[in-house]
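Here are the chains, one letter per residue:
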Amino acid sequence: ANRCFCPLEIGEALGVQYSTCPKEPVRGIGGAGDIYIHELTIDIEHGIHKFKAAVGFGGFQLHGFSFILGQKDFFENIDVLFKRRKETIELIIL
């Protein structure tokens, strides 16, 4: 994903006021529609590392996921190392 995404219901639970958010059209595997952009603080390692991310909230299905991490604001700041045999994931903050 090019940006972080989250369903509208989770944004509502977090108190996001969609009427004040900029709207942006998106298109992907699940179809096309509009999302509302709202900046959240993403917390890693219980607050040791924090950064802002412009998250797109929309009325789409994430197929069992409640949040999708995107290139913008997340993967451009963090390298992820998957150690499959050890069944661990390491986040390297850039």
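For the structure itself, consult the block above.
### Side note on the nonpolar core
- If you look at the biggest cluster of nonpolar residues, it comprises 14 residues, and the most contacted ones within it are I42, I44, F51, V55, F57 and F74.
- Those elements that place two or more of their residues in this core are β1 (4-7), β3 (31-44) and β4 (49-58).
- Among the elements that take part in this core, β4 stands out by supplying 4 residues, more than any other.
- In contact with F74, not counting residues within four places along its chain, are C4, I44, F51 and L69.

### Overview of the sheet that holds β1
- The strand order across the open sheet formed by 4 strands is β1-β4-β3-β2, and the pairing between neighbours is mixed. With partners counted over all chains shown, the strands left at the sheet margins are β1 and β2 (23-28), one partner each. Ignoring strand direction, the axes of neighbouring strands in this sheet form an average angle of 50°.
- Pairing geometry for β2 and β3, over 6 bridges, is antiparallel. Its bridge partner lying in β3, G28 is registered against G31.

### Remarks on the packing of aromatic side chains
- Considering all chains together, one arrives at 4 aromatic pairs under this definition.
- Considering the side-chain rings of F74 and F75, the 4.8 Å spacing of their centres and the 85° angle between planes classify their relative orientation as edge-to-face.
- An aromatic cluster is defined as three or more aromatic residues linked by ring pairs; in this entry it consists of Y18, Y36 and F57.

What counts and what doesn't
- Residues numbered from 1 in each chain as written.
- Predicted model: local features only at pLDDT ≥ 70, side-chain atom pairs only at ≥ 80, totals over all residues.
- Heavy atoms only, no water.
- Core = buried A, V, L, I, M, F, W, Y, C linked by side-chain atoms within 4.5 Å.
- Buried < 20%, exposed > 50% of the residue type's maximum accessible area, 1.4 Å probe, protein only.
- Helix = DSSP H or I, 4+ residues; strand = E, 2+ residues; numbered from the N terminus.
- Contact = heavy atoms within 4.5 Å.
- Pairing = 2+ DSSP bridges.
- Axes fitted to C-alpha atoms, helices over the stretch in contact; angles between N-to-C directions.
- Phe/Tyr/Trp six-rings, centres within 6.5 Å; stacked < 30°, edge-to-face > 60°.

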